[in-house]
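Spelled out, the chains give:
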Amino acid sequence: DSVIRLYSKEGEKLLTVDNGLAGEEENIYSYGIQGPTRIFISVNAKDYKISDTEYYELKAEVNPYEEKYELEPNDSIREATPVKTTKIFGDFANDQDVDYFRFYNETFDTINYSAEVVPSANYDIRLELYPGINSASVVFDEGTNEAAEGISNWLVKPLETIYFKI
């Protein structure tokens, strides 16, 4: 049973994939990487009981970025993934991982912006909004597992950028 891990060039673990059972494939789909950079792929057997008749095949394919997925790394406000669609997907590499996103109001009108973060099972998430890159955050945290966190009707001025930390 194999496990795939992605590491940044600094050695930080970005992603672990272990969805398949023994003998089944492990796949990484639609994982955005901010570049230019280097990413290292690690393939390991879970049980380490490998005979010399066992092998694996690694297939790697790089495709253009789809804007509905986060870009890694996005662990700081300066690396924030741009939000350009109505829905964006992210993934936590570990329980210490944080993800930053940014929304830019490219219009000449003030708009009402709403956002909701819906966690997968067993996550107690916290949503923080930064009205500017050097601003203090506004925290949204219901404090319960699997509960969505959100904001409604935040006023975003023309040509202004707001940031989110999850």
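Worth saying up front: this structure is predicted, and the values here are computed from it rather than measured. Each chain carries its own residue numbering, running from 1 in the direction its sequence is written. pLDDT decides what is reported in this predicted model: residues at 70 or higher carry local features, side-chain atom pairs at 80 or more are listed and counted, and totals for whole chains, interfaces and linings draw on all residues regardless. As a convention, hydrogens and water are excluded, and side-chain values are obtained from all of the structure's heavy atoms.

Chemist: I would appreciate a short explanation of the overall build of the chain in the present structure.
Modeler: Per the secondary structure count, the chain includes zero helices and twelve strands. Where helices and strands are cited, they refer to DSSP runs of H or I of at least four residues and of E of at least two residues respectively, numbered from the N terminus. Element order for the chain, N to C, with α for helix and β for strand: β-β-β-β-β-β-β-β-β-β-β-β. We call a residue buried when its accessible area falls under 20% of the maximum for its residue type, exposed when it is over 50%, and partly exposed in between, using a 1.4 Å probe and counting protein chains only. In the chain, which comprises 166 residues, the proportion classed as buried is 30%. Contact between two residues is taken to exist if any of their heavy atoms lie within 4.5 Å; hydrogens are not considered. Taking all contacts inside the chain whose residues are at least 6 apart in sequence as the whole, residues at least 24 apart take part in 59%. Each accessible area is a Shrake-Rupley result for a 1.4 Å probe, and residues are judged covered by the shown protein chains and nothing else. About 11,300 Å² of surface is accessible on the chain, with carbon and sulfur atoms providing 48% of the total.

Chemist: Sorry if this is basic, but what is going on with unusual backbone geometry here?
Modeler: Leaving glycine out, the prevailing phi sign among residues is negative, and the prevailing peptide bond configuration is trans. Put simply, Glu72 and Pro73 share a cis peptide bond, and its omega is -5°. Assignment of secondary structure puts Pro73 in the loop between β5 (71–72) and β6 (81–82). Residues other than glycine seldom take positive phi values, yet Leu159 does so here, at roughly 60°. Of note, Leu159 is situated in the loop between β11 (149–156) and β12 (161–165). What makes Leu159 partly exposed here is its relative accessible area of 43%.

Chemist: Is there a simple way to explain the pairing of strand β7 (residues 100–104) in this structure?
Modeler: Put simply, side chains in a regular strand alternate between the two faces of the sheet. DSSP-based pairing: two strands are paired if at least 2 bridges between them are found. Pairing geometry for β6 and β7, over two bridges, is parallel. Each bridged residue has a counterpart across the sheet, and for Thr81 the counterpart in β7 is Phe101. Relative to β12, β7 is paired through five bridges, and the arrangement is antiparallel. Opposite Tyr104, over in β12, you have Thr161 as the bridge partner.

Chemist: Explain the sheet that holds strand β10 (residues 138–140) to me, please; I cannot follow it from the model alone.
Modeler: Through backbone hydrogen bonds, the strands of a sheet pair up, either in parallel or in antiparallel fashion. Read across the sheet, five strands follow the order β6-β7-β12-β9-β10 without closing on themselves; strand pairing throughout is mixed. Unpaired on one side and paired on the other, β6 and β10 mark the two borders of the sheet.

Chemist: Sorry if this is basic, but what is going on with the packing of aromatic side chains here?
Modeler: What describes a pair of aromatic rings is the distance from one ring centre to the other and the angle between the planes of the rings. Stacked, tilted and edge-to-face are the three classes assigned to paired rings of Phe, Tyr and Trp, where Trp is represented by its six-membered ring and a pair needs centres within 6.5 Å; plane angles under 30 degrees give stacked, over 60 edge-to-face, the rest tilted. For the structure on display, the rule yields five aromatic pairs. On the basis of an interplanar angle of 35° and a centroid distance of 5.8 Å, the ring pair of Tyr69 and Phe89 is categorised as tilted. You can see Tyr69 sitting in the loop between β4 (39–45) and β5 and its partner Phe89 sitting in the loop between β6 and β7, a full 20 residues away along the chain. Of the aromatic side chains, those joined through ring pairs into one cluster are Phe103, Tyr113 and Phe164.

Chemist: Would you explain a nonpolar patch on the surface in this entry?
Modeler: Residues form patches when they are more than 30% accessible in relative terms and have no salt bridge. Like charges link within 9 Å. Nonpolar side chains (Val, Leu, Ile, Met, Phe, Trp, Tyr) link within 5 Å. Salt bridges are counted wherever a side-chain nitrogen of Lys or Arg sits within 4 Å of a carboxyl oxygen of Asp or Glu. Taken together, the side chains of Ile41, Tyr56 and Leu58 present a nonpolar region at the surface, about 330 Å² in accessible area. Following the sequence through the fold, Tyr56 ends up in the loop between β4 and β5.

Chemist: Just checking my understanding: could you explain the side chain of Ser42 for this structure?
Modeler: With respect to the element layout, Ser42 can be found in strand β4. Judged by its relative accessible area of 18%, Ser42 is buried. Definition of a polar contact: a pair of N or O atoms within 3.5 Å, with one able to donate and the other able to accept a hydrogen when the atoms are protein atoms, and with sequence-neighbouring residues admitted only if both atoms are side-chain atoms. Looking at Ser42, its side chain comes within polar contact range of the side chain of Asn44, at 2.6 Å. When residues no more than four places from it in sequence are discounted, the contact partners of Ser42 are Val3, Ile4, Arg5 and Tyr7.

Chemist: What am I meant to see in the nonpolar core here?
Modeler: Grouped together as the largest cluster of nonpolar side chains are 14 residues, with contacts concentrated most on Phe103, Tyr113, Leu127, Leu129, Ile151, Ile162 and Phe164. Counting residues per element, the ones that place at least two in this core are β7, β8 (111–117), β9 (127–130), β11 and β12. Apart from the residues lying within four places of it in its own chain, the contact partners of Ile162 are Phe101, Arg102, Phe103, Tyr113, Leu129, Tyr130, Pro131, Trp154 and Val156. Within the second largest apolar cluster, six residues are counted, among which are Leu14, Leu15, Val17 and Tyr31. To form a nonpolar core, buried Ala, Val, Leu, Ile, Met, Phe, Trp, Tyr and Cys residues must be joined to one another through side-chain atoms within 4.5 Å.

Chemist: Is there a simple way to explain the sheet that holds β4 in this structure?
Modeler: Spatially, β2-β1-β4 is the arrangement adopted by the three strands of the open sheet, whose pairing is antiparallel. Each edge of the open sheet carries a strand with a single partner, namely β2 (13–17) and β4. Sheet twist, expressed as the mean angle between neighbouring strand axes with direction ignored, is 20°. The pairing of strand β1 (residues 2–8) with β2 spans four bridges and is classified as antiparallel. Bridging from a neighbouring strand, Ile4 pairs with Val17 of β2. The axes used here are C-alpha line fits, helices contributing only the stretch in contact, and every angle between their N-to-C directions lies in the interval 0 to 180 degrees.

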